[in-house]
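Close look at the chain arrangement
So the chains spell out like this:
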Amino acid sequence: MTRETTLSSLASAMGLLMNTDAPPQWTAAVTRAAQLLAPDWDQQPSRPALGTLALALYTLASERQETPTEIPLDVLRGALDHQPVDGPDEFSREPAMLQKRIETVLKAEGHVAYEGFQPRESALWRLFRDLRHQWEPDEPMSDMPPGPSAMRDAVARIAESLAGLDDLHAELLPEAPKAVGPVTVTVTGYLRLVSYSGASGSSVPLRCSQCAAAEGNIVHVDGPDVTLICPSGHQFSSWQLSAAQVRSALRLCLPQGSDAPVSADIEGTVTVHGEFSVGRSDMPEGFNPVRGDWVRRHR
Ligand SMILES: [Zn+2]
């Protein structure tokens, strides 16, 4: 039996963009972006489009010292508009002007600070970094061009949604849904991080960074953030766990005494009895972490 693991509802996509402590201006940007994309969301749900539009609204609001809801549509369209240049250079087709504006605002507000080995990044900066990331081959001498960023497709998707809208109708749009709130997952067995590369896969228990406990850990998902607490109370985190993959994996679990799967949009607390397999954060959207999936995929 296959189950859908994508997080495609608008409430779910909104929830993954903001935690309970999100700055009000960011919450307003996500909410306005959701409102603008809502009319055709069910036909073409796109988390990158929601994230990109929210970042664009946030940036414009900061530049103009307005709220995200006050940004006129022509100003928004102007910021999103970019003329793709045909040519061998993949970078030339990226929405570079928009990226530069977002980067300037986020840096000025201190969302990223370079100190020591690892930059200190806010959730907004991590979102921006992921959206603008372009896949490049590991081989330094490779002739393969870098892939398109998620932001590049998102900009085209947003333009379609905004095409038929004017300011009057944009004001009359229904309210955005309420974003999905945090969930706390107690895992009685191992939490396994599942990944594959080429034809091989791995499934590794996640351990507490202080005492190496691998069973009975608690996973707290709040917006894009994931924190863990081991049975001895140590709090830790791991880049290998993402909120989207944890929520996707929950959909493969069955509540006791029921054969209806757990909703990915679940809020509050839930217990997973036994092992909990979660796709590693760098696995693709909708990756099925239950063993056998990557074997089948590459057979
Ligand atoms: Zn511990």
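These figures come from a predicted structure and were not determined experimentally.

What helix 6 (residues 123-132) keeps buried is the set Leu124, Trp125, Leu127, Phe128, Leu131 and Arg132. The arc that holds the buried residues of helix 6, viewed along the axis, is 160°, so those residues lie on one side.

So, about the packing of helix 3 (residues 47-64) against helix 6. Interaxial distance between helix 3 and helix 6 falls to 10 Å at its minimum, and their mutual angle equals 125°. The angle between helix 3 and helix 6 falls in the class oblique. Handedness of the helix 3/helix 6 crossing: left-handed. Contacts from Pro48, Gly51, Thr52 and Leu55 of helix 3 reach helix 6 at Leu127, Phe128 and Leu131. Considered class by class, the residues forming the contact of helix 3 with helix 6 number 5 nonpolar, 2 polar and no charged.

Each domain of the protein was delimited in the assignment, giving domain 1 (17-171) and domain 2 (183-298). One C-alpha centre belongs to domain 1, the other to domain 2, and the line joining them spans 28 Å. Opposite the 7 residues of domain 1 that make contact, domain 2 presents 4 residues. A per-class count over the side of domain 1 that touches domain 2 returns 5 nonpolar, 2 polar and no charged.

Counting 67 residues, the largest nonpolar core has Ala33, Leu53, Ala54, Leu57 and Val246 as its most contacted members. With 10 residues, the single largest contributor to this core is helix 3. Both domains that meet at this core, namely domain 1 (17-171) and domain 2 (183-298), each give it at least three residues. Excluding residues that lie within four positions of it along the chain, Leu53 makes contacts with Ala33, Leu36, Leu37 and Ile158.

This part is about the confidence of the model for the protein. For the protein, mean pLDDT is 87; residues scoring 70 or higher make up 91% of the total. Low pLDDT, under 50, characterises residues 1-5; the predicted model gives this stretch 9 contacts beyond four residues in sequence or across chains. Counted against residues more than four places away or in other chains, residues 292-299, with its pLDDT under 50, gives 5 contacts.

The next thing to look at is the environment of Gln25. Tracing the sequence through the fold places Gln25 in helix 2 (residues 24-37). Counting along the chain gives 162 residues from Gln25 to Val187, while the straight-line C-alpha distance between them is 35 Å. If near-sequence neighbours (up to four positions away) are discounted, Gln25 is found in contact with Tyr58, Ala61 and Pro68.

Calculation notes
Residues numbered from 1 in each chain as written. Predicted model: local features only at pLDDT ≥ 70, side-chain atom pairs only at ≥ 80, totals over all residues. Buried ≥ 20, exposed ≤ 12 C-beta atoms within 10 Å, placed from the backbone. Helix = DSSP H or I, 4+ residues; strand = E, 2+ residues; numbered from the N terminus. Arc of directions from axis to C-beta. Axes fitted to C-alpha atoms, helices over the stretch in contact; angles between N-to-C directions. Parallel < 35°, antiparallel > 145°, perpendicular 65-115°, else oblique. Left-handed = near helix turned anticlockwise from the far one by under 90°. Contact = placed C-beta atoms within 7 Å. Nonpolar A, V, L, I, M, F, W, Y, C, P; charged D, E, K, R; others polar. Domains from an automatic or database assignment. Core = buried A, V, L, I, M, F, W, Y, C linked by C-beta atoms within 7 Å. pLDDT = per-residue confidence, 0-100.

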